[in-house]
Each structure stands twice: as C-alpha cells, then as structure tokens.
Amino acid sequence: MTTAAAPATVVLVHGAWHGPWCFDKVVEGLEARGVPVVAVERRRMHEASGTLRGVTDSAENEAIVRAALDEVEGPAILLGHSFGGVPITTAPLGNDNVKHLVYLTAIMPNTDGSMPDNFVNPELATAVIAGEDGSTTVQADKIRYAFYNQCSDEDYEHALTQLVRDDAAIPFDAPRDTAWNKITTTYVVCTEDQALLAEGQRALARRADRVVEWATDHSPFLSAPHLMVDLLDGLAREYAE
C-alpha cells in the first residue's frame with residue numbers, strides 16, 4: 001500500500017499594519033484539508049508604548065521570515081501579501097526547502113529597487129498618517145475602500161480592532177539578490193485592489209513563472225479565502241514530500 005506524500009508547509013507573511021490574524025480563515029481552511037501552515041508574526045512589542053508595532057526594516061523583516069522558515073521541516077510554500085513581498089524576496093535565499101513563492105498583490109522587488117509608476121494608488125498615500133515618532137497608521141474611513149472594499153462589514157470592523165502602527169513609512173532597501181529568479185514563483189493579481197493597482201501588479205507579475213488573476217480586493221484572505229485555500233492547497237500537494 002502506497003502512503004500519500006505529506007503536503008508542503010504553507011508559510012504566510014502579512015503586510016503593513018496587519019498581523020497573522022488576517023490569515024485566520026485561510027489557516028482554518030488549509031488545516032481542514034490537512035495542509036500544515038504557519039502565519040509569521042511580523043510585529044514586535046514597542047517598549048515605549050507597550051503595544052505591538054509592525055516591523056518595516058528590511059533586514060529585520062528578512063531575519064524574522066528566515067527564522068520562521070528554519071523551523072519548518074521539509075518543503076515549504078512561502079506567500080507574502082502586500083509589503084510581505086519584501087521579506088519573501090530575500091529570506092529564502094540559501095534555503096533549499098522553499099520550493100515555491102507566492103506574491104499576493106505584493107511588492108516584488110528587483111535589485112535596483114524600482115517599482116512600477118502605476119503600482120500604488122495615490123489615494124492610499126492620503127490614508128497614511130505619520131506620528132511624531134515616525135511611525136505610521138492608516139485612516140479607518142479611507143482604508144475601507146483601499147483595503148477592504150469587498151469585505152463584509154463584520155470583517156472590516158474586526159480588522160480595525162487588529163491593525164497596529166508600523167515602525168515607519170513603507171520604503172524598503174533594494175535587495176542584494178532575489179529569490180524569485182531562483183525559486184518558481186506565482187504572482188496573484190487582485191484586479192479590484194484599490195491600494196495596489198492591477199496594472200502595476202501585472203507589471204511586476206512579468207517576473208513570475210505563473211500568474212493568476214482574481215477579481216478581488218486587497219484582502220482576499222477576508223473577502224475570498226476559498227481562493228487562497230484552493231491555490232495554496234494545490235501548491236502544497238504539487239510540492240509534497
């Protein structure tokens with residue numbers, strides 16, 4: 001009797017101002033299908049305020065994701081959402097267990113650090129509020145459309161209770177090297193995203209081996225988690241050990 005191969009572990013990396021909580025529906029769906037999954041914590045306690053704060057430093061983000069990958073035994077599928085695309089570009093370098101990358105409406109850096117001109121919706125910039133200490137947060141009324149325009153009121157209101165400040169503005173260091181030109185990669189374009197525009201996503205997606213388009217907003221982990229579960233379940237079995 002042949003034993004079925006164990007699916008690869010799915011590792012999820014959240015974007016700016018969010019946390020592992022945003023993937024709860026996806027984690028539940030994958031676990032129900034027997035797929036091991038890890039949602040990386042990209043926040044840390046800010047000593048002065050005593051609150052969680054999102055990490056924006058490129059080197060620190062890389063170290064966080066690299067440490068999470070080091071805990072995974074066997075093959076891994078690594079997904080980054082939005083700003084989470086920055087650390088997944090470098091953290092897998094030298095790690096042979098990472099078999100596939102997924103950029104979910106995400107920043108996909110090149111070594112020159114350039115981004116498409118039509119990538120970030122200018123309206124998103126008006127939603128970001130800088131604090132006196134240089135940290136940032138986002139305006140609740142503006143991100144309803146930018147981040148969660150297809151989400152239920154319940155999911156949107158829950159998200160508002162979970163969002164945290166980030167260390168600083170989004171700018172990131174250009175990577176010294178990129179994992180996406182060494183590891184097979186899928187880019188998921190979310191065509192109704194009002195934060196990162198579809199045409200800019202498509203420009204980045206030309207760097208990927210595979211491209212998927214979903215008619216979803218910036219947060220399909222809330223508005224259409226079944227799409228993420230189906231995609232990641234398929235990849236986890238494709239790269240099963």
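Worth saying up front: this structure is predicted, and the values here are computed from it rather than measured. (Residues numbered from 1 in each chain as written. Predicted model: local features only at pLDDT ≥ 70, side-chain atom pairs only at ≥ 80, totals over all residues. Heavy atoms only, no water.)

A. A look at the environment of Pro-87. Residue position: Pro-87 is located in helix α3 (residues 85–90). Considering only alpha carbons, one finds Pro-87 and Glu-60, 27 residues apart in sequence, at a separation of 8.8 Å. With near-sequence residues (within four places) excluded, Pro-87 lies in contact with Val-13, Arg-42, Asn-61, Glu-62, Val-65 and Pro-92. (Helix = DSSP H or I, 4+ residues; strand = E, 2+ residues; numbered from the N terminus. Contact = heavy atoms within 4.5 Å.)

B. Representation of helix α9 (residues 225–238) within the structure. Here α9 contains 14 residues, and its C-alpha end-to-end distance of 20 Å stays within 8% of the 20 Å for a straight helix at 1.5 Å per residue. Buried within α9 are the following residues: Pro-225, Met-228, Val-229, Leu-231, Leu-232, Asp-233, Leu-235 and Ala-236. (Expected span 1.5 Å × (residues − 1). Buried < 20%, exposed > 50% of the residue type's maximum accessible area, 1.4 Å probe, protein only.)

C. Structural context of the side chain of Ser-219. The topology assignment puts Ser-219 in the loop between β11 (210–214) and α8 (220–223). At 2.8 Å, the side chain of Ser-219 and the backbone oxygen of Phe-147 are in polar contact. Not counting residues within four places of it along the chain, the set of residues in contact with Ser-219 comprises Phe-147, Tyr-148 and Cys-151. (Polar contact = N/O pair within 3.5 Å; in protein donor to acceptor, adjacent residues only side chain to side chain.)

D. Layout of the pairing of strand β1 (residues 9–13). For β1, the tally of buried residues reaches five of five residues, placing the bulk of the element in the interior. The two faces of β1 match: Thr-9, Val-11 and Val-13 on one face and Val-10 and Leu-12 on the other face are all buried. Across five bridges, β1 lies against strand β5 (residues 76–81) in parallel orientation. Counted as the bridge partner of Leu-12 is Leu-79 from β5. (Pairing = 2+ DSSP bridges.)

E. Highlighting the nonpolar core. Membership of the largest hydrophobic core comes to 75 residues, with the highest contact counts inside it found for Val-10, Leu-12, Leu-78, Tyr-148, Tyr-187, Met-228 and Leu-232. If one sorts the elements of this core by residue count, α9 sits on top with six residues. Met-228 has contacts with Phe-23, Val-26, Leu-79, Leu-104, Trp-214, Pro-220 and Phe-221, leaving out every residue within four places of it along the chain. (Core = buried A, V, L, I, M, F, W, Y, C linked by side-chain atoms within 4.5 Å.)

F. Spotlight on the side chain of Asp-166. Within the secondary structure, Asp-166 is located in strand β9 (residues 165–166). Look at Asp-166: it is buried, it has no salt bridge, and the nearest opposite charge is Arg-42 at 4.9 Å. One polar contact links the side chain of Asp-166 to the main-chain amide nitrogen of Trp-17, over a distance of 3.2 Å. Those residues in contact with Asp-166, other than ones at most four positions away along the chain, are Ala-16, Trp-17, Arg-53, Gly-54, Thr-56, Ser-135 and Thr-136. (Lys, Arg positive; Asp, Glu negative; His and termini not counted. Salt bridge = Lys/Arg side-chain N within 4 Å of Asp/Glu carboxyl O.)

G. Seen up close, the sheet that holds β5. Strand order in the open sheet made by the six strands is β2-β1-β5-β6-β10-β11, with parallel pairing throughout. Of all strands in the sheet, those with a lone pairing partner are β2 (37–40) and β11, marking the two edges. Averaged over all pairs of adjacent strands, the angle between their axes in this sheet comes to 20°, without regard to strand direction. (Axes fitted to C-alpha atoms, helices over the stretch in contact; angles between N-to-C directions.)

H. View of the pairing of β2. By the bridge criterion, four bridges tie β1 to β2 in an arrangement that is parallel. Paired with Val-10 across the strands is Val-37, a residue of β2. Taking the sense of rotation as the criterion, the β-α-β connection linking β1, helix α1 (residues 24–32) and β2 turns out right-handed. (Right-handed = clockwise from strand over helix to strand, strands pointing away.)

I. Just the packing of α1 against α9, in detail. Viewed as axis vectors pointing N to C, α1 and α9 meet at an angle of 45°, and their least axial separation amounts to 9 Å. If you check the angle between α1 and α9, you find them oblique. α9 is crossed by α1, and the crossing has right-handed handedness. Residues Lys-25, Val-26, Gly-29 and Leu-30 of α1 lie in contact with α9, whose contacting residues are Pro-225, Met-228, Val-229, Leu-232 and Asp-233. Residues that form the contact of α1 with α9 fall into these classes: six nonpolar, one polar and two charged. (Parallel < 35°, antiparallel > 145°, perpendicular 65-115°, else oblique. Left-handed = near helix turned anticlockwise from the far one by under 90°. Nonpolar A, V, L, I, M, F, W, Y, C, P; charged D, E, K, R; others polar.)

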